[in-house]
Amino acid sequence: MDNQKTAEFVNAMWDNEIIPEISEYIKVPNKSPHFDPDWEARGHMETAVSMLEKWCKTQPVKDMSIEVVRIDGRTPVLFIDIPGDSDDIVLLYGHYDKQPEFSGWDDDLDPWTPTIKDGKLYGRGGADDGYSTFGSLTAIRALQEQGIPHAHCVVLIEGCEESGSFDLPHYIDLLEDRIGSPDLVVCLDAECGNYDQLWCTTSLRGNLTGTLRVDVLTEGVHSGTASGVVPSSFRTARQLISRIEDESSGNIMLDELHADIPQQRLQQAALAADTLKELVYEKFPWAVDQPRPNESYDELMLNNTWRPTLAVTGQEGMPALIDAGNVLLPFTVLKLSFRLPPTVDADAAAGVVKAALEKDTPPLVKVKFDADSSMAGWNAPAIADWLEASMQKASQAFFNKPSMYMGTGGTIPFMGMLGERFPQAQFLITGLLGPKSNAHGPNEFLHIETGKRLTSCVAQVLEDHYNR
């Protein structure tokens, strides 16, 4: 592959086609089913997948077939088949559903209004990961433009990832024969430690979410009349959470939610931490000035990728401040979100958490924990020599720096599914979610230059996969 020709082609595609298309895509509020139960009637999901389908059909990719596959009541899947030049199969994956708007966007930014500033395209869903369809086909086209062979490529873009991919298994079963048995999976929905080199994700944490409900009364009563007799539902909820989490450190105290960290992952975390240094924590929008965590860089990375954590992400039962009268609340409901080490059984963890919260119920209260979702994490198989060499080659060619490995604190349910179905496959899990890109939060952006370079890197890996 002629690296200069590849870069010139990819850059032109991004400037002339991809950025305008992603900008239009950002305008569509196609929130994932978990956040918009009426997604089908609202039509935004259909608009988004139709936009992607229409663009793909304009691309002169040899022998390509494109189909929006539908199952009644489930988000559609964009399925693209490119026969290529060998029977080996590469599966390229992404998603087109989005997180909700969230609050806190800068005054000159909006989740549904594409805005380019300082080489970054702001708006919901561009980096997470609306670009994946465009990047996948452009990488394949970059090879075909130079007459370079590649394997049979299957592109699968789902519409339910942000809700845990609960629709996806039904499509995997339906399309099983057409997907075949890929020996390389390329996923463009992951993080990058910085914007200076190619990053490969080696592990993903699992996710367990559920609601903890504490009831003390059937209706609210005057707090002066009842307090001292009736316990506070919030205090009880706080007490119960302390069975699971050390409130002074954040450490999870249930042994079953921990896992041994493989030695290779320890080494990779140390190398990544040494590369990123302060960026390990400075990438976040801290409320305090000059934050300085007590832990070392590599310990912070391991906390984020291989250790369990708990976040309270929502609540019911508490009125808004303006409506908060002197009333002892009848109940408190908290949404709990656990991040689990990659090798922990998420379903078993749900049972352990439920038992810990519901046993030995405090006096005068009712307690219930319901698990909403339990998604397993993923730990990559040993990387093949050819893929290791290819990633280094690609990163040096298009970033002028070596490629790096890191675990990711988030979850991509599809990877766990694929790991079980195709245990012999190799994985290139990468993406554009770098420092301050803030997927799921305000001011999400796509780093345009990194998007271009990453696309070229994928083309290099596809060439090397064919020639391995």
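About the cut-offs
Residues numbered from 1 in each chain as written. Predicted model: local features only at pLDDT ≥ 70, side-chain atom pairs only at ≥ 80, totals over all residues. Heavy atoms only, no water. Helix = DSSP H or I, 4+ residues; strand = E, 2+ residues; numbered from the N terminus. Rg over C-alpha atoms; globule rule 2.2 N^0.38 Å. Buried < 20%, exposed > 50% of the residue type's maximum accessible area, 1.4 Å probe, protein only. Contact = heavy atoms within 4.5 Å. Areas by Shrake-Rupley, 256 points an atom, 1.4 Å probe, with all protein chains shown as cover. Lys, Arg positive; Asp, Glu negative; His and termini not counted. Charge placed at Lys NZ, Arg CZ, Asp CG, Glu CD. Expected span 1.5 Å × (residues − 1). Arc of directions from axis to C-beta. Phe/Tyr/Trp six-rings, centres within 6.5 Å; stacked < 30°, edge-to-face > 60°. Lys NZ or Arg CZ within 6 Å of the ring centre and 35° of its normal. Pairing = 2+ DSSP bridges. Axes fitted to C-alpha atoms, helices over the stretch in contact; angles between N-to-C directions. 1 Å grid on protein atoms, 1.4 Å probe; cavity = no way out; pocket = protein on both sides within 12 Å on 5 of 7 lines; lining within 4 Å. Points joined across faces, edges and corners; volume = space filled by probe spheres on them. Nonpolar A, V, L, I, M, F, W, Y, C, P; charged D, E, K, R; others polar.

Draft legend 1. Layout of the overall build of the protein. Counting its regular elements, the protein contains 15 helices and 18 strands. In terms of C-alpha radius of gyration, the protein reaches 23 Å, essentially the compact-globule figure of 23 Å for 468 residues. Taken over the C-alpha atoms alone, the protein extends approximately 80 × 50 × 45 Å along its principal axes. Relative to its 468 residues, the protein shows a buried fraction of 53%. Summarising the internal contacts of the protein: among those between residues at least 6 apart in sequence, 81% fall at separations of at least 24. Surface exposure of the protein reaches about 20300 Å², of which carbon and sulfur atoms provide 49%. For the protein, the distance from the average site of its 38 positive side-chain charges to the average site of its 69 negative ones is 3 Å.

Draft legend 2. Region of interest: helix H13 (residues 385-398). The end-to-end C-alpha distance of H13, which contains 14 residues, comes to 20 Å, matching closely the 20 Å that a straight helix rising 1.5 Å per residue would cover. Turning to H13, its buried residues number three or more, namely Trp386, Leu387, Ser390, Met391, Ala394, Ser395 and Phe398. Viewed end-on, H13 has its buried residues packed into an arc of 155°, placing them on one side of the element. Where H13 is buried, its residues touch helix H1 (3-26), strand S7 (184-187), strand S8 (199-204), strand S16 (404-408), strand S17 (426-429) and helix H15 (448-467).

Draft legend 3. Region of the structure containing the packing of aromatic side chains. Inspection of the entire model under this criterion finds five aromatic pairs. Centroid distance Tyr195 to Phe445: 6.3 Å. Interplanar angle 45°. Geometry classified as tilted. Here Tyr195, found in the loop between S7 and S8, pairs with Phe445, found in strand S18 (residues 445-447); they are 250 residues apart in sequence, far enough to count as distant. The rings of Tyr122, Tyr195 and Phe445 are connected pair by pair, giving a single aromatic cluster. It is Arg213 that lies over the ring of Phe331; its NZ or CZ is 4.2 Å from the centre.

Draft legend 4. Seen up close, the sheet that holds strand S6 (residues 152-158). Pairing within the open sheet is mixed, and its six strands lie in the order S1-S2-S6-S3-S7-S17. Looking at which strands have only one partner, the edges of the open sheet turn out to be strand S1 (65-69) and S17. Between one strand axis and the next, the sheet turns by 15° as a mean value, whatever way the strands run. Bridge count for S7 against S17 is four bridges, and the pairing is parallel. Counterpart to Leu184 in the pairing with S17 is Gln426.

Draft legend 5. Spatial organisation of empty space enclosed by the protein. Under the definition given, this model contains two cavities of 30 Å³ or more. When its volume is computed, the largest cavity comes out at roughly 80 Å³. Lining of the largest cavity is provided by Thr202, Ser203, Arg265, Gln268, Ala269, Met301, Leu302, Thr305, Trp306, Tyr405, Met406 and Gly407. Elements with a contribution of two residues or more to the lining of the largest cavity: S8, helix H9 (263-276), helix H11 (297-305) and S16. By residue class, the composition of the lining of the largest cavity is six nonpolar, five polar and one charged. One number sums up the size of the second largest cavity: a volume of about 40 Å³. If you go around the second largest cavity, the residues you meet are Cys192, Gln197, Leu198, Trp199, Phe399, Thr430, Gly431, Thr450 and Leu454. Its residues assigned to classes, the lining of the second largest cavity shows five nonpolar, four polar and no charged.

Draft legend 6. Main features of the sheet that holds strand S13 (residues 331-340). If you trace the four strands from one edge of the open sheet to the other, you get S11-S13-S9-S14, paired in antiparallel fashion. Each of the sheet's edge strands pairs with one partner strand only, and the pair in question is strand S11 (309-316) and strand S14 (366-375). This sheet shows a mean twist of 20° between the axes of neighbouring strands, independent of strand direction. As defined by bridge partners, strand S9 (residues 206-215) adjoins S13 across ten bridges and the pair is classed as antiparallel. In the sheet register, Thr211 faces S13, and the bridge partner there is Lys335. Here helix H12 (residues 346-358) sits on the sheet in contact with S9, S13 and S14, set at roughly 170° to S14.

Draft legend 7. Structural view of the layout of surface pockets. Estimated volume of the second largest pocket: approximately 310 Å³. Lining the second largest pocket are 18 residues, with Ala376, Gly377, Gly416, Met417 and Glu420 positioned closest to its centre. For the lining of the second largest pocket, the secondary structure elements donating two or more residues are H12, S14, strand S15 (378-379) and helix H14 (413-421). With six residues, H14 is the largest single contributor of residues to the lining of the second largest pocket.

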